[in-house]
Amino acid sequence: MSSTNHPLCFTSFDKELVALRNSRWAKAFSVEEESAVDVKATIVIEHIMQAADVAHTMQHWHVYQKWNEKLFVEMSQAYASGRGAANDPALTWYQSELGFFDNYVIPLAKKLDECGVFGVCSDECYSYAMENRMEWESKGETIVKDMVSRRGEGESDFV
């Protein structure tokens, strides 16, 4: 099985993989036949695993903020040591988070809500994702500046 078809391959940075998952979701959930049950179950499990990977984005603001800064610190350290991206993550962190919410987290939360696998918790995940996106939009630029400042001082509130 190729890594792009393996349910454990859930990187959110691969646009082709995201498109493949979206296509598989649409195909499986457009059919009402009993024969589609196994396919639906497999796709729901894949989406649960994706949600687990980014669960902090669908929880209370303070949880999101804590894990967002941990990731920022990790990516900054990788960049500084030459193991990460070609550019300092601070340059794009604010805008990238907005795109991440709009193109990955919120659509994922909607799908989890649609399939009903978590019951009322699905709506809660979606609501937190939307609230965190709005909060990030209003406070994110300042938060990034603060994280950069703490990074420069060699400390972080959350690490």
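Structure's up top.
### Digging into helix α4 (residues 93–115)
Between its first and last C-alpha atoms α4 spans 31 Å; for 23 residues at 1.5 Å apiece the expected length is 33 Å, and the two agree. Where α4 bends most, the angle comes to about 45 degrees, and this point is F101.

### Concerning the pattern of salt bridges
Using the criterion set out here, one finds 5 salt bridges in the structure. With a shortest N-O distance of 2.9 Å, R133 and E137 are connected by a salt bridge. Placement of both R133 and E137 in helix α5 (residues 120–152) is noted, with a separation of 4 residues, approximately one turn of the helix. The exposure class of R133 is buried, given its relative accessible area of 14%. With relative accessibility at 41%, the residue E137 sits in the partly exposed group. The closest approach of N and O atoms between K139 and E135, which form a salt bridge, is 2.5 Å. Of this pair, K139 and E135 both sit in helix α5, 4 residues apart, which is roughly one turn of that helix. Looking at E135, the relative accessible area reads 24%, which means it is partly exposed.

### Section: the side chain of N132
Its place among the elements puts N132 in helix α5. For N132, a relative accessible area of 1% puts it in the buried group. The contacts of N132, once residues within four sequence positions are left out, are H56, T57, M58, Q59, H60, W61, Y64 and F101.

### Some thoughts on the packing of α4 against α5
Packing of α4 against α5 leaves a shortest axis separation of 9 Å and a crossing angle of 175 degrees. The orientation of α4 relative to α5 falls into the category roughly antiparallel. Residue composition of the contact of α4 with α5, grouped by class: 15 nonpolar, 3 polar and 8 charged.

Parameters and conventions
Residues numbered from 1 in each chain as written. Predicted model: local features only at pLDDT ≥ 70, side-chain atom pairs only at ≥ 80, totals over all residues. Heavy atoms only, no water. Helix = DSSP H or I, 4+ residues; strand = E, 2+ residues; numbered from the N terminus. Expected span 1.5 Å × (residues − 1). Bend = angle between axes of the 7 residues up to and from the residue. Salt bridge = Lys/Arg side-chain N within 4 Å of Asp/Glu carboxyl O. Buried < 20%, exposed > 50% of the residue type's maximum accessible area, 1.4 Å probe, protein only. Contact = heavy atoms within 4.5 Å. Axes fitted to C-alpha atoms, helices over the stretch in contact; angles between N-to-C directions. Parallel < 35°, antiparallel > 145°, perpendicular 65-115°, else oblique. Nonpolar A, V, L, I, M, F, W, Y, C, P; charged D, E, K, R; others polar.

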